[in-house]
Amino acid sequence: MQPRILIVSPVRNEAAHIERVVRSVAAQELPPARWIVLDDNSTDGTLELLRSLAADVPFMDVRTVAAVTPQTGARDRLAKAAAPRNFNLGLAAMDWHEYTHVMKLDGDIELEPNYLRVLMERFAADPRLGLAGGVLVEPLPDGWRTLEIPRHHVHGALKCYSRECFGAIGGVQERLGWDTIDETYARMRGFATVSFEDLVSIHHRPWGSADGAIRGLTRLGECAYITHYPPLWVLLRSVKLGLVRPRGVKGLAYLYGYARACVRRRDRVEDAAYRRFTRRELRRRIARLLVRDRSGLVAARRPSTGLAHNVAR
């Protein structure tokens, strides 16, 4: 079956990057069937720029949040989940069942020309693959950095779902932590979730630059509470983050976000099956980490063989 991709891009104040993004999607070796770009009251000329660029991109459909939002006050209630909320608003303008894949693409992500083609080849090669994406690199004053994530996690900025997976997980939840909840449900439903290291895209707005990296880590800690990450996992994650310069600060921010959410008793995912699945997954990951660390210690004690040297590294 020939893939038919529906992309939805919620954007706000992306005038500095959006032209690169549009050009990169327009240049895809396998173009999407439809691309909904939903502007959320930008004040920097993003909407005007989008409308001028759309004239040269036949599959691109530029809309505004104001034009598609029902007057129910829902936007105020969901103000802390703007990205998934606007994604769902854009999705509601279409019948997504007519497409083989549904993709969320942020307005600051520049794709390589072969990105969609290769991604569709990966979906075709593995019927279990339900949610996938690539890795992100960011331009910095002194070079580039890669946003490192586990292979099973897919960046919220460029998630692509098969139609079957998207239907099985019930779509995207409009809440903090949505981009962990969706992939957890995907694995619960028997789908694989993968980030492919050889699919590299450019993230033009460095992570944390919009509202501060420390605040972003605090929010990640809050997400860990909402998605039922156990305290041991959070503590280990905090220690790892604390090793990054400035030492201690990032780990404390993550731990603070988790503790604050706990004290405030933030609403968590209520599904008991989800909670059991999450904690079972994390116990297995912790066990693998401990085994790996133990193997590294053994290798370090026996540096005489090449194999030991490689394991220790």
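Small disclaimer: the values here were computed from a predicted structure and weren't measured. (Residues numbered from 1 in each chain as written. Predicted model: local features only at pLDDT ≥ 70, side-chain atom pairs only at ≥ 80, totals over all residues. Heavy atoms only, no water.)

A.B. asks: Outline the packing of helix α1 (residues 18-26) against helix α2 (residues 46-54), supporting the account with residue identities and numerical values.
C.D. replies: Two quantities define a packed helix pair, namely the angle between the helix axes and the distance between the axes. Here α1 crosses α2 at 25°, and the two axes come no closer than 10 Å. Classified by the angle between their axes, α1 and α2 sit roughly parallel to one another. Along this stretch, α1 crosses α2, giving a crossing that reads as right-handed. Contacts between α1 and α2 pair I18, E19, V22 and R23 from the former with L49, L50 and L53 from the latter. Residues that form the contact of α1 with α2 fall into these classes: five nonpolar, no polar and two charged. (Axes fitted to C-alpha atoms, helices over the stretch in contact; angles between N-to-C directions. Helix = DSSP H or I, 4+ residues; strand = E, 2+ residues; numbered from the N terminus. Parallel < 35°, antiparallel > 145°, perpendicular 65-115°, else oblique. Left-handed = near helix turned anticlockwise from the far one by under 90°. Contact = heavy atoms within 4.5 Å. Nonpolar A, V, L, I, M, F, W, Y, C, P; charged D, E, K, R; others polar.)

A.B. asks: Before we move on, can you summarise a positive patch on the surface with the specific residues and values?
C.D. replies: Taken together, the side chains of R276, R280, R283, R284 and R288 define a basic patch exposed on the protein surface. Counting through the fold element by element, R283 comes out in helix α12 (residues 272-301). (Patch = residues over 30% accessible without salt bridge, like charges linked within 9 Å, V, L, I, M, F, W, Y side chains within 5 Å. Areas by Shrake-Rupley, 256 points an atom, 1.4 Å probe, with all protein chains shown as cover. Salt bridge = Lys/Arg side-chain N within 4 Å of Asp/Glu carboxyl O. Lys, Arg positive; Asp, Glu negative; His and termini not counted. Charge placed at Lys NZ, Arg CZ, Asp CG, Glu CD.)

A.B. asks: Got a sec to walk through unusual backbone geometry? Specific residues and values, please.
C.D. replies: The residue after R245, namely P246, is reached through a cis peptide bond having omega -10°. Within the secondary structure, P246 sits in the loop between α10 (231-242) and α11 (249-264). Located in the positive-phi region is N13, a residue other than glycine, with phi close to 55°. In this structure N13 comes out as partly exposed when scored by relative accessible area, which is 25%. Positive phi values are uncommon outside glycine, yet H228 reaches one of about 70°. Look at H228 and you get buried, because its relative accessible area is 4%. (Buried < 20%, exposed > 50% of the residue type's maximum accessible area, 1.4 Å probe, protein only.)

A.B. asks: How would you explain the side chain of K159 if you had to name every residue and give the values?
C.D. replies: Within the secondary structure, K159 sits in strand β8 (residues 158-162). Assessed through its relative accessible area of 0%, K159 is described here as buried. Engagement of the side chain of K159 in a polar contact is seen with the side chain of D182, the distance being 3.2 Å. A distance of 3.3 Å separates a polar atom in the side chain of K159 from a polar atom in the side chain of E183. Not counting residues within four places of it along the chain, the set of residues in contact with K159 comprises V102, M103, K104, L131, A132, V154, W178, D179, D182 and E183. (Polar contact = N/O pair within 3.5 Å; in protein donor to acceptor, adjacent residues only side chain to side chain.)

A.B. asks: Break down the side chain of T100 for me, citing the residues and quoting the values.
C.D. replies: With respect to the element layout, T100 can be found in the loop between α5 (82-92) and β4 (101-105). For T100, a relative accessible area of 8% translates into the label buried. Only 2.8 Å separates the side chain of T100 from the backbone nitrogen of R4, close enough to count as a polar contact. Of the polar contacts made by the side chain of T100, one reaches the side chain of H101; its length is 2.8 Å. In this view, T100 contacts M1, Q2, P3, R4, Y161, S162 and R163; residues no more than four positions away in its chain are not counted.

A.B. asks: Tell me about α10, residues and numbers included.
C.D. replies: With twelve residues, α10 ought to run about 16 Å at 1.5 Å a step, and its terminal C-alpha atoms sit 16 Å apart, in line with that. When we look at burial in α10, the residues that qualify are W233, V234, S238, L241 and G242. Seen along its axis, α10 keeps its buried residues to an arc of 170°; they face one direction. (Expected span 1.5 Å × (residues − 1). Arc of directions from axis to C-beta.)

A.B. asks: Any chance you could break down the state of the cysteines for me, citing the residues and the numbers?
C.D. replies: Applying the stated criterion across every chain yields a total of zero disulfides. For the unlinked cysteine C160, the closest cysteine sulfur is that of C165, found at 10.0 Å. The exposure class assigned to C160 is buried, which follows from its relative accessible area of 0%. Residue C165 is classed as buried on the basis of its relative accessible area, which comes to 0%. (Disulfide = S-S within 2.5 Å.)

A.B. asks: Please set out the pattern of salt bridges residue by residue, giving values where relevant.
C.D. replies: For the structure on display, the rule yields 18 salt bridges. Residues R117 and E29 are paired through a salt bridge, measuring 2.5 Å at the closest nitrogen-oxygen approach. Of this pair, R117 sits in helix α6 (residues 115-125) while E29 sits in the loop between α1 and β2 (34-39), and the two are 88 residues apart along the sequence. A salt bridge links D198 to R122, with the nearest nitrogen and oxygen atoms 2.6 Å apart. Residue D198 is found in strand β9 (residues 192-203), and its partner R122 is found in helix α6; the two are separated by 76 residues along the sequence. Look at R122 and you get partly exposed, because its relative accessible area is 23%. Within this structure, E14, D108 and R205 form a network of salt bridges that share partners.

In short, the description is geometric, and any link to function would need to be established separately.
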